[in-house]
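# Residue-level structure breakdown
Residue strings, one per chain:
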Amino acid sequence: MDALEITTDPRRFDIAAIHRFLTGSYWSPGIPRALVERAIANSLCFGALLGGAQVGFARAITDKATFAYLADVFVVEEHRGKGIARRLMDAIVAHPDLQGLRRTMLITRDAHGLYERYGFRRVDDADRIMAVTRADVYRK
Ligand SMILES: CC(C)(COP(=O)(O)OP(=O)(O)OC[C@H]1O[C@@H](n2cnc3c(N)ncnc32)[C@H](O)[C@@H]1OP(=O)(O)O)[C@@H](O)C(=O)NCCC(=O)NCCS
């Protein structure tokens, strides 16, 4: 993992690779590339590059003052289990723009164990949380 680099410089991201993963993911099936590009442009993003190739990604949607929402966290299948997601999370929790926030949120289907290492907990006030959810928004 010596060649693994975590960068927040979007010019170094492989947008095609990020889109390929996200459009096939369980949480944003069918998302168009243009929306992925707009989301990246308006977020604080973290790319995991192995020998320069995009092997992982995470996106913090944030005001850089009080709140962040962590989204689109992934590591490509062939490089899972090597600590790359932990490297991404280490970079996220250490980032200067994400310090002192009042709340950081995320939604996950099964990766609770990963995030628990970084202080995330299942909310005990879930009945206060509301959302408009359109899971099939990109499906024709
Ligand atoms: C979840 C995911 C990002 C983990 O990436 P990874 O690079 O394989 O993870 P790491 O090797 O850094 O290990 C993560 C740690 O979290 C743990 N973990 C808990 N739940 C996990 C899960 N569902 N998948 C993978 N690891 C999980 C691992 O056991 C590991 O713990 P350890 O260090 O004590 O062994 C990757 O499996 C992935 O992209 N999955 C598909 C997309 C996804 O579900 N993303 C999360 C959306 S919220």
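### Points about the site of the ligand
- Contacts to the ligand come from 20 residues, most closely from Val75, Gly81, Gly83, Arg86 and Arg117.
- Side-chain polar atom of arginine 117 to an oxygen atom of the ligand: 2.7 Å apart, as the coordinates give it.
- In the complex, the protein chains occlude 72% of the 880 Å² of accessible area that the ligand would expose alone.
- Looking at the shell around the ligand, the elements with two or more residues in it are strand S4 (67–75), helix H3 (84–94) and helix H4 (112–116).
- Taken together, the residues of the shell around the ligand sort by class into 11 nonpolar, four polar and five charged.

### Things to note about the environment of isoleucine 31
- With respect to the helices and strands, the residue isoleucine 31 is situated in the loop between helix H1 (15–23) and helix H2 (33–41).
- Residue class for isoleucine 31 comes out buried when judged on its relative accessible area of 11%.
- Considered as a pair, isoleucine 31 and histidine 19 are 12 residues apart in the sequence and their alpha carbons are 7.8 Å apart.
- Not counting the four nearest positions on each side in its chain, isoleucine 31 is found in contact with His19, Leu22, Thr23, Val36 and Tyr138.

What counts and what doesn't
- For every chain, the first residue of the written sequence is number 1, and numbering continues from 1 along that sequence.
- Confidence filtering applies because this is a predicted model: local features only for residues at pLDDT of at least 70, side-chain atom pairs given and counted only at 80 or more, and all residues used for totals across whole chains, interfaces and linings.
- Remark: hydrogens and water are excluded; side-chain values derive from all non-hydrogen atoms of the structure.
- A molecule or strand has a residue near it when one of that residue's heavy atoms lies within 4 Å.
- Counting of polar contacts relies on pairs of N or O atoms within 3.5 Å, with two restrictions inside protein: one atom must be capable of donating a hydrogen and the other of accepting it, and residues adjacent in sequence are counted only when both atoms are side-chain atoms.
- Residue burial considers only the protein chains on display, and all accessible areas are found by Shrake-Rupley using a 1.4 Å probe.
- Each helix corresponds to a stretch of at least 4 residues labelled H or I by DSSP, and each strand to a stretch of at least 2 residues labelled E; elements are numbered beginning at the N terminus.
- Asp, Glu, Lys and Arg are counted as charged, while Ala, Val, Leu, Ile, Met, Phe, Trp, Tyr, Cys and Pro are counted as nonpolar; the rest, among them Gly, fall into the polar class.
- Classification of residues uses two cut-offs on accessible area relative to the type maximum, computed with a 1.4 Å probe and protein chains only: under 20% is buried, over 50% is exposed, and between them is partly exposed.
- A contact between two residues is defined here by any heavy atoms of the two lying within 4.5 Å.

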